Amino acid sequence: MFNKPDKTRRNRDGINLFDPSDFVGMYKSGGLASQILDEIGEHVYPGQTTAALDNFIKEQIEAAGAVSATIGYKGYQHASCISINHVVCHGIPSEKRLKDGDILNIDVTVIVDGWYGDTSRMYVAGKPSRKAERLMDVTYESLMRAIEVVKPGNTFGDIGHAIQSYAESERMSVVRDFCGHGLGRVFHAPPNVLHYGRAGTGPVLEEGMFFTIEPMVNIGRPETKVLADDWTAVTRDKSLSAQFEHSIGVTSKGCEIFTLSKANRFHPTY
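**Comments concerning the overall build of the protein chain**
Part 1: Counting its secondary structure elements, the protein chain contains four helices and 17 strands.
Part 2: Relative to the globule expectation of 18 Å for 270 residues, the C-alpha radius of gyration of the protein chain, 18 Å, shows essentially globular dimensions.
Part 3: The buried share of the protein chain, taken over its 270 residues, is 53%.
Part 4: Within the protein chain, residue pairs in contact and separated by at least 24 positions form 70% of the contacts whose partners lie at least 6 positions apart.
Part 5: Total accessible area on the protein chain is roughly 12,500 Å²; 49% of this is exposed by carbon and sulfur atoms.
Part 6: Charge separation in the protein chain, taken as the distance between the mean sites of 29 positive and 33 negative side-chain charges, equals 3 Å.

**Focus: empty space enclosed by the protein**
Part 1: In the structure shown here, the tally under the stated rule is one cavity of 30 Å³ or more.
Part 2: Its boundaries defined by the atoms lining it, the largest cavity holds a volume of some 30 Å³.
Part 3: Around the largest cavity sit I15, N16, F18, G182, L183, A189, P190, P191, M209 and F210, which together line it.
Part 4: When residues in the lining of the largest cavity are grouped by element, the largest group, three residues, is from strand β10 (residues 189-193).

**Re the sheet that holds strand β8 (residues 173-174)**
Part 1: Spatial strand order, β8-β12-β15: three strands in an open sheet with antiparallel pairing. Either end of the sheet is taken by a strand with one partner, and the two such strands are β8 and β15 (241-243).
Part 2: As paired elements, strand β12 (residues 216-218) and β15 share three bridges and run antiparallel to each other. Its bridge partner being in β15, M216 is matched across the sheet by Q243.

**Quick look at the confidence of the model for the protein chain**
Part 1: Chain-level statistics for the protein chain give a pLDDT mean of 96 and a share of 97% at 70 or above.
Part 2: Within the model, the stretch residues 1-6 combines pLDDT values under 50 with zero contacts to residues more than four positions away or in other chains.

**Some points on helix α3 (residues 130-148)**
Every α-helix carries 3.6 residues per turn, so stepping three or four residues along brings you back to the same face.
Part 1: Relative to the 27 Å expected for 19 residues at 1.5 Å per residue, α3 spans 27 Å between its end C-alpha atoms, a close match to the ideal helical length.
Part 2: Here α3 has its buried residues at A132, L135, M136, V138, T139, Y140, S142, L143, A146 and I147.

**Examining the pairing of strand β16 (residues 246-250)**
In regular strands, side chains alternate between the two faces of the sheet.
Part 1: The element β16 is extensively covered by neighbouring structure, given that five of its five residues are classed as buried.
Part 2: Burial along β16 is two-sided: the residues H246, I248 and V250 and S247 and G249 are all buried.
Part 3: When strand β11 (residues 210-213) meets β16, the two strands line up antiparallel, connected through four bridges. The residue bridging T212 from the neighbouring strand is S247, located in β16.
Part 4: One ladder, built from three bridges, connects β16 with strand β17 (residues 255-257); its direction is antiparallel. In the strand pairing of β17, I248 is matched with I257.

What counts as what
- Residues numbered from 1 in each chain as written.
- Predicted model: local features only at pLDDT ≥ 70, side-chain atom pairs only at ≥ 80, totals over all residues.
- Heavy atoms only, no water.
- Helix = DSSP H or I, 4+ residues; strand = E, 2+ residues; numbered from the N terminus.
- Rg over C-alpha atoms; globule rule 2.2 N^0.38 Å.
- Buried < 20%, exposed > 50% of the residue type's maximum accessible area, 1.4 Å probe, protein only.
- Contact = heavy atoms within 4.5 Å.
- Areas by Shrake-Rupley, 256 points an atom, 1.4 Å probe, with all protein chains shown as cover.
- Lys, Arg positive; Asp, Glu negative; His and termini not counted.
- Charge placed at Lys NZ, Arg CZ, Asp CG, Glu CD.
- 1 Å grid on protein atoms, 1.4 Å probe; cavity = no way out; pocket = protein on both sides within 12 Å on 5 of 7 lines; lining within 4 Å.
- Points joined across faces, edges and corners; volume = space filled by probe spheres on them.
- Pairing = 2+ DSSP bridges.
- pLDDT = per-residue confidence, 0-100.
- Expected span 1.5 Å × (residues − 1).

Here is the structure:
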């Protein structure tokens, strides 16, 4: 059987432009990913293992009749990435137990009816330190300021500038080595959504674009390194790092967020 031809329109920058009807599929996939992250919060506590958290996520995906986008992706074998403290992203679930005060990002991507829903947010095992809480606040605010500038006619540089200018004004740094991405019926597609940059530069935002914004902000310097497992990225100076991620679609007047928390649990301390 031949695959159906891809009828998605692309703009001059090679970025997919989806139809209004496609928003429905993205809301379903994004909603499931967000629901799973809503439900996992009560399982995050000192003494818990990240392997147990990942197993819960895998079970929830299967129970919903969905598919994990990460199991089997480039050899990865888990339903989530769980990044603790100075791990920036792509932390591999393990039998390591969480300690009181640990902060962690849990990143989940699911496939529902061929549509990819991708989101991540922060959690705390026990009580966070004041500096960890402030880091999470700044990272969350960076994401929300970026989403505020998403509308046709603005640019991807405006998104990066909104994040960078705010994070650096709070004396924190933005990771340059990883970025957001287009998505839809594939996991990763153009454009690369940088979390730093100059206002007014880069491709122009157009109605029908689907992509993630997922800033990673460090208390220390922005440099990262990838460990020997070829996945886990950490801060070079071992400073704390935080990340929040939403999947969004550009509308005629602004944007819609596909991965909102219906339980209002997107930020762990709000």
